[in-house]
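Okay, here's what each chain looks like letter by letter:
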Amino acid sequence: MREFKRVGRATTRGGLMVGAAMSAIMLASTTGLAQQAGETPEATSQDDTIVVTGSRIRRTNATTAIPTQIFTTNDIVESGTVDVGELLAAMPGVDADLSPENSELSIQNSGLSTVNLRGLGADRTLVLINGRRAVSNSGNGERVSLQTIPAGFVQSIEVTTGGASAIYGSDAIAGVANIILERDFDGIEVNARYGFADASGEEETTIELTMGRNFDNERGNIMFGASYDHETPIYADETRPDSLRTDDWSGNGEFNDIYLSSYLPGGRFESDDAWNIDGVWYNDRSLAPNDGRTPSVGFETALDGYNFRPGRTLSPEVTAYTAALAARYEFDGGVEATADFLWSRVDSLYEGSYEAAIYSTDVGPLGNTFDIGQIASNHPFIPAAVEETRVGSVSWYRRFNEVGQETRDNERTTARAAVGLAGDLGDTWRWQTFATYGRFEQNQIQGNNLNYLNIHYALDIEADGNGGYQCVDAGARADGCVPLDIFGEGSITPEMADYIRVAGHVQQIREQTVLGGSVDGDLFEMPAGTVAAAFGIEWREESQDTNVDALILEETTSLSVVPEIEASFDVVEAFAELEIPLFSNVTAQLAGRVADYSTIGTIYSYNAGGYWEPTDSLRLRGQYSRSQRAPTITEIFSAPRQDSDSLLDPCDGLMPDGSGVTPPAGSDFSAATISANCLSEAGIQAYFADPNNAGQRFEFDGSVNGPNAGNLNVREETADTFTVGAVWAPSFAEDLYIIVDYYNIRVEDAIGSISTQTTVDLCYGAADFPNNRFCDVITRDTSDGRVVEVINRQENLNELLSEGIDVSVMWDFEVDSLPGEFGLDLRYSRSLADEFEFVGEAGQPVREDSNGSMYDPTHEARARLSWSEGGFYASYTLRYESGGVDDLDVDPTDPLYFVADDQFRSNVYARYRFDNDYRTSVYAGVTNVFDEMGPFMPGNFASGSSSNINSPQNSLVGRQFYFGIRSEF
């Protein structure tokens, strides 16, 4: 347990104290900084020791060597969101690893809301509930979705940054986010909130109920909480014009290349010879378009292509239900029993594009190919416009809009139970034991996909003898085969669509059981003070069971493949901590942990740090930690699972004579080497041998299957973390705190995979092609040379490095000439490095640095100015994020070099509390006051996507208004 012992209710739910000021007090000491913070003697007494994130030793006023920030329920309300993940992601140095907006293409994680410290990923950020582990809400990683926590039940959130594996075990490499739940609430509280965006969608309705009762002279307390939250979806439409744009970045400040799909709802036939748009037929013969195109009159994607964006989900519909029950009771003898139960159900629905298919070697989800087949020359549905161009059987490409938009419907249910006992051992020692059990279940329906096999049967038809037609295959007829007409928009009837439509079900179950116990107290006295210690042991078991429909595994459909997994591991851990007062103003803090995993064996973690108070107003602190992260179940056991990645093929632009190839930007590869390697591919030679491609370049710039796969040989990763900082409360300004921290996190043997683009570049740029590990995971189509699959297998890469500086300035002050009290909360994060290194060609290290890119800003800041008077409180918050380069490998002199502008977004908030006891309050706010949605980010950007405005640089919602009422009884 690591709970902030409350001094009156005003410090949590109702207090005017902002989270940053609480951070400063948490970092203060009894004799120095805490006294300057204006704490009462009761608040700083020895009896009010607390246990905070970053230690299991009870300390007075949270003296700790680890940087810690605390957020209250008031911070949640003021942030303009009910999603705890969004609140944390708004802080400099904290990112959203997954959010409902950025996870639409994720098969297993769409709709999750997770937190990512230091840019190292959710798997390296440990999320705790009341200081104890929570079950993962992801089928392919250790990710706790913060949507599952009822916001009305949250007392505070503690975020520590820096290695903490010695304290809490694996996953705490980047830091810890500890959700502290209410324990002593007495009364009834209701919160109702409604929000809406200026543009379409994103209407939010939230209702929260919390009830609690103290009993038996406050020896016991029981609480119940429930919440309902509903967010309407955001679609790509005219209210967000950039979401519909079909431009690509063409360089030199221009967006002018049209990025459309060659798969039309009306179909394209005989390659580029005949096509149907809006019910109108065109071909390269008698029906050539009258638009002056030369020299060819055939289909051209830039002129005739289809914009698949309108109507797609940019942010899903999300409905969340949560319930919580908590109880505590103190028995005679000082033994206290606690019990918590949390339940949540989060439903999310995405609507994507309409599925498309091709006659030849349609690519299955994991790169397997399936020939649906050409249409026979005597097919009765062939229209005259296609017949005029036909030579033998008919090839085709088509988007099947009549089947409906592809959907991904997720239902996630999480249940967690925790019980504990704690009591005193003598005058200075305390013991505790606990047990937790968590179960997560996800049921996903992938709707409106295509059954390639049924399309094959439905296109092979014959006369039925009664003036109609039937499918040739007798088995298919027995299964309800309906002859299929794919010629022209709307040609597919509802009966046809039903036959070729397929839905798939994926079920994922995660279970976690943890048992543990610890003791903490005073060991002995030294001249400078008491040596405190904590010792404990824990056992944990994690299991995963993933089940999917058999049809998904057959890969004859467009369904996304999720491999079946049934695996588990357990770990036994022992830990110890020491706090040693070396001098009156110098304290050392030590911690160590040994863990024995059933998967990887024994690993060790340790911390060494401390703080020094040279004056009453200054504290210097530092820590070194060795942290480990054990591989997850998915990283070890997962078979390839589907993912889609964008790829610019190194062979793009190749001509039969070897010319036309451009080496990847920023590389030292030779164009001659790449050309020779590409020309040796049988599929590319087959492309050049096709008469329809005579004189044309080989082109490939699009999306490929990039399945992620586990690795039985993957080992733990090891991080060395160094932090050093200072907390200064200058005597010349009361209640002013300035905090500066430097961090350096270096992860050796980091678990990860090399990106699809980098893998392909290294394969075709290598002198030892194709005999290297990069080429081994690439599959090309043997008939047309397309890259169909690049497996991203987990491995221990050489190194990750995250380095930076955090600065906080907090000041509560008054202005003589003005009424009320003011508060300043300024937080700034400067990223100095964000790199990863791996072994590349010929064993040479390859280092990639993303610092300064669009998705990894160098500078982040948040400034909040508040004012309060009586029952009124108002604040203005300005968020800043520096712009970035789209692709750091592109030279600044290159026409394709692009830099996004810095982003500034403003929020305003106001609250008024009625009556003398302030039991009822009304509040309202506006987020993103000036409706800054961010830059246009097209699909050909390294940082972009086909959604155009869905990236870390964007604010997808735009300007949003909200208001609510909170009342206590």
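Since we're looking at a predicted model, the values are computed, not measured. (Residues numbered from 1 in each chain as written. Predicted model: local features only at pLDDT ≥ 70, side-chain atom pairs only at ≥ 80, totals over all residues. Heavy atoms only, no water.)

S.K.: I would appreciate a short explanation of the overall build of the chain in the present structure.
M.R.: Within the chain one finds 15 helices and 51 strands. By residue count, 58% of the 969 residues in the chain fall in the buried class. Long-range contacts, defined here as pairs at least 24 residues apart, represent 71% of the contacts in the chain between residues at least 6 apart. A total of about 36,700 Å² of accessible surface is found on the chain, and carbon and sulfur atoms cover 53% of it. (Helix = DSSP H or I, 4+ residues; strand = E, 2+ residues; numbered from the N terminus. Buried < 20%, exposed > 50% of the residue type's maximum accessible area, 1.4 Å probe, protein only. Contact = heavy atoms within 4.5 Å. Areas by Shrake-Rupley, 256 points an atom, 1.4 Å probe, with all protein chains shown as cover.)

S.K.: Explain the state of the cysteines to me, please; I cannot follow it from the model alone.
M.R.: Each disulfide is one covalent bond, formed between the sulfur atoms of two cysteines. Using the criterion set out here, one finds three disulfides in the structure. Paired by a disulfide, cysteine 471 and cysteine 481 hold their sulfur atoms 2.0 Å apart. Its torsion about the S-S bond being -75°, the disulfide of cysteine 471 and cysteine 481 is classed as left-handed. A residue pair is termed long-range when its members are at least 10 positions apart, and cysteine 471 in strand β27 (residues 469–471) and cysteine 481 in the loop between α9 (474–478) and α10 (494–500) qualify at 10 residues. Overall, cysteine 481 belongs to the buried group, its relative accessible area being 12%. Put simply, cysteine 763 and cysteine 775 are joined by a disulfide, and their sulfur atoms are 2.0 Å apart. Residues cysteine 763 and cysteine 775 share a disulfide whose torsion about the S-S bond is about 105°; that sign makes it right-handed. Here the residue cysteine 763 occupies a position in helix α15 (residues 756–764), and cysteine 775 occupies one in the loop between α15 and β40 (778–780), the gap between them amounting to 12 residues. When the bonded cysteines of the chain are numbered from the N-terminus onward, they pair as 1-2, 3-4, 5-6. (Disulfide = S-S within 2.5 Å.)

S.K.: What am I meant to see in the side chain of asparagine 708 here?
M.R.: Tracing the backbone shows asparagine 708 in strand β36 (residues 708–709). With relative accessibility at 17%, the residue asparagine 708 sits in the buried group. Among residues more than four places away in sequence, those in contact with asparagine 708 are Ala639, Pro640, Arg641, Asp643, Ser753 and Asn792.

S.K.: For this particular structure, what's the right way to read the nonpolar core?
M.R.: Among soluble globular proteins, nonpolar side chains are generally buried collectively. Counting residues in hydrophobic clusters, the biggest one holds 36 residues, and the most contacted among them are Leu88 and Ile157. Setting aside anything within four residues of it in sequence, one finds leucine 88 in contact with Phe71, Val94, Val115, Leu146, Ile157 and Val159. In this structure, Tyr452, Met496, Ala497 and Ile500 belong to the second largest nonpolar core, which totals 31 residues. (Core = buried A, V, L, I, M, F, W, Y, C linked by side-chain atoms within 4.5 Å.)

S.K.: What's the story with the environment of valine 760 in this structure? I'm lost.
M.R.: The topology assignment puts valine 760 in helix α15. Overall, valine 760 belongs to the buried group, its relative accessible area being 0%. Counting along the chain gives 30 residues from valine 760 to valine 790, while the straight-line C-alpha distance between them is 7.9 Å. With sequence-adjacent residues up to four places away left out, valine 760 is seen in contact with Leu647, Pro650, Ile778 and Val790.

S.K.: Hey, could you run me through the environment of phenylalanine 769 in this one?
M.R.: Relative to the elements of secondary structure, phenylalanine 769 occurs in the loop between α15 and β40. Through-space distance from the C-alpha of phenylalanine 769 to that of serine 680 is 9.8 Å; in sequence the pair is 89 residues apart. When near neighbours in sequence (up to four residues on either side) are disregarded, phenylalanine 769 contacts Asn677, Ser680, Glu681, Cys763, Tyr764 and Cys775.

Distances and angles like these do not, on their own, reveal function.
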